[in-house]
Amino acid sequence: MSNTEESHTSAGLVYVLLVLIAYPIFRALHNVFFHPLSDIPGPRAWSASRLPFIWSLLRGTLVHDVERLHWKYGPVVRIAPDEVTFADADAYPDIFQARSDSKPFLKDPVWWETQPGLPDTILSAINPEKHARIRRILAPGFTLRALRDQEPILHQYVNLLVDRLRESALESSEAQVDLVPWLNFTTFDIIGDLGFGDSFNCLQHSRYHPWTAMLFSTVKAAAWVASARYYPLIEFILLKCIPPSLMKTQTDHYQRISNKVDRRLNFEMERPDVLSYVIKKREEEAVPIGEINSTFMILTTAGSETTATLLSGIMNYLVNCPDKLNTLKHEVRHNFNTSDDITLEALKDLPYLNAVINEGFRMCPPVPWVLPRRVPHGGSTVCGTWLPGGTAVSVQAYTMNRSPSYFHCASSFIPERWLPEVHGNPESPFSKDSRGVIQPFSLGPRSCLGQNLAMAELRLIISKLVWAFDFEAIDGNVLKWDDLRVFLLIEKKPIQVKIKPRSEVPAEA
Ligand code: HEM
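Residues numbered from 1 in each chain as written. Predicted model: local features only at pLDDT ≥ 70, side-chain atom pairs only at ≥ 80, totals over all residues. Heavy atoms only, no water.

Caption draft 1: Region of the structure containing the overall build of the protein. Broken down by element type, the protein carries 22 helices and twelve strands. A globule of 509 residues ought to have a C-alpha radius of gyration of about 23 Å, and the protein, at 25 Å, matches this closely. Oriented by its inertia axes, the alpha-carbon framework of the protein measures out at about 100 × 60 × 50 Å. Counting all 509 residues of the protein, 54% fall into the buried class. For the protein, the proportion of contacts with a sequence separation of at least 24, taken over those separated by at least 6, is 75%. Of the roughly 23500 Å² of accessible surface on the protein, a fraction of 58% belongs to carbon and sulfur atoms. Taken as two groups, the 52 positive and 56 negative side-chain charges of the protein have centres that lie 3 Å from each other. (Helix = DSSP H or I, 4+ residues; strand = E, 2+ residues; numbered from the N terminus. Rg over C-alpha atoms; globule rule 2.2 N^0.38 Å. Buried < 20%, exposed > 50% of the residue type's maximum accessible area, 1.4 Å probe, protein only. Contact = heavy atoms within 4.5 Å. Areas by Shrake-Rupley, 256 points an atom, 1.4 Å probe, with all protein chains shown as cover. Lys, Arg positive; Asp, Glu negative; His and termini not counted. Charge placed at Lys NZ, Arg CZ, Asp CG, Glu CD.)

Laid out in structure tokens, this is it:
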């Protein structure tokens, strides 16, 4: 190479290098000072680049970091160049409900676009017509009427949980258990049986099914996939680097679910599980079977992990607040002579039990931030703030639920605030609590389809546990819920407690 050619090549390299360095700086400066979202408060680093958001997401500290940002900057915070998050109760209806003044805010494809080769699910379908079609097919299996027929199946698993715990409790006078796996076993078995008529038998064998072990890693992987999607080149490389064994695990998992669904669809058992309603629907219209299979795959996580998390959170607070646990115990034991008397109909109106569950939703929301939506083309307003089309918007349930601007003694577990005689009393400091802020199941056409089932599981499991056992915290072994990491869902840690079968069981029990 001649000297002139050499100097041209080096000049070219320097130029490319300069562009590579200058472009991100230029982009960052543009994002901070000239972007349409520049006026929205937020830390400069987060407004300049997506990286601080991704770093926080992958460390599992996003909801806590964003909570601190809301304290500093207020209820509307820019947390990425093209994303704004809200800790304001009005954000729920503005983003999630149908509005006459705005087109709908659809799910953000970064989070919801399905992996190549997998059909859409009820959760992932972004197109409203497609989503409505899947939801219409599944909805009859989740009504209160369906739940009445499903109630015996719920009792069967909750009773098995109590039997298994009793065996552990009787092992020694100082028996201890970690409640977390047991609660997970129960909700996972229930969704298997109620979903496709085939329990995962975790309670039966007192151990996780191999799928359950995979569940949380799938949720964590979703955070990685979304992070990569912000940088299409990285996503492309990552997809190319996925080991074939991992791809196989995923296809095997999908295949196993498809087989279960297929078996159930072709075997018309007379039982009231969710698929029995899909079988009936098939007589009236074509059912997209790939989407039903995928939906059941995702339901095993969405329908078990969320409920198990809340149950764990509530039991953790109760054992660490013995006065609250005693009040609940008294209510349940006073109302039911035998465990068999406990029914969903009777539990619906137990004031303290329902107050405990509501307070659980407030302190330990299983979905601590509802994943982002995109502002529709042409722009729209959220909480009075105008945002250009394409802006990602999310709602921070965790921050709002613990905000002193919405709740008195916001960071303490106080079920009493939900009792009508307390919040209805103008003299009570809790009368000014903004109870409507708590929307654990979200709102609108994408709100939780399984909320009746979730409430039934929560009421049955908590009441049967406190009816049958005395629980006690172990000194020096307190789990601080706020310390748990969040990867879309909450990464639980063991909740080790002392457990004893209740001492005074009534004669007829
Ligand atoms: C305490 C327990 C639960 C909580 C807090 C909860 C919360 C939520 C939330 C916040 C959403 C909306 C997510 C979004 O729009 O981004 C959702 C959706 C959904 N949940 Fe739940 N969930 C729970 C239990 C369940 C159970 C037990 C099932 C079913 C067995 C279930 C099935 C679903 C389905 C199918 C959707 C998607 C609805 C749609 O897009 O049309 N959930 N849930």
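Caption draft 2: Inspection of the coordination of the iron atom of the ligand at higher detail. A lone protein donor binds the iron atom of the ligand: C448 (SG), at 2.3 Å. Take C448: it is sitting in the loop between α21 (420-423) and α22 (451-468). (Donors = N, O, S within 2.8 Å, 3.2 Å for Na, K, Ca; no water.)

Caption draft 3: View of helix α16 (residues 305-320). Here α16 spans 22 Å end to end across 16 residues, near enough to the 22 Å set by a 1.5 Å rise per residue. Burial of α16 is extensive: 15 of the 16 residues sit out of reach of the surface. (Expected span 1.5 Å × (residues − 1).)

Caption draft 4: Spatial organisation of unusual backbone geometry. Of note in the backbone geometry, S206 takes a positive phi value of approximately 50 degrees without being a glycine. With a phi angle near 70 degrees, L488 is a residue other than glycine that sits in the positive phi range. Relative to the helices and strands, L488 is located in the loop between β10 (486-487) and β11 (489-490).

Caption draft 5: How the structure looks around the packing of aromatic side chains. Under the counting rule described, the total for this entry stands at eleven aromatic pairs. Between Y92 and F96, the ring centres sit 6.0 Å apart and the planes meet at 40 degrees, which makes this aromatic pair tilted. Pair noted here: Y92 and F96 are both in helix α5 (residues 91-96), with a separation of four residues, about one helical turn. F96 sits in the buried class, given a relative accessible area of 7%. Taking 5.6 Å as the distance between ring centres and 85 degrees as the angle between the ring planes, the aromatic pair formed by W111 and W369 counts as edge-to-face. Residue W111 is found in helix α6 (residues 109-112), and its partner W369 is found in the loop between α19 (351-363) and β5 (370-374); the two are separated by 258 residues along the sequence. Look at W111 and you get buried, because its relative accessible area is 10%. Connected via pairs of aromatic rings, a cluster forms that spans F53, W111, Y230 and W369. The ring of F200 carries K260 above its face, with NZ or CZ at 5.2 Å from the centroid. Across the ring face of Y277, the terminal group of K280 is positioned such that the distance to the ring centre comes to 4.8 Å. (Phe/Tyr/Trp six-rings, centres within 6.5 Å; stacked < 30°, edge-to-face > 60°. Lys NZ or Arg CZ within 6 Å of the ring centre and 35° of its normal.)

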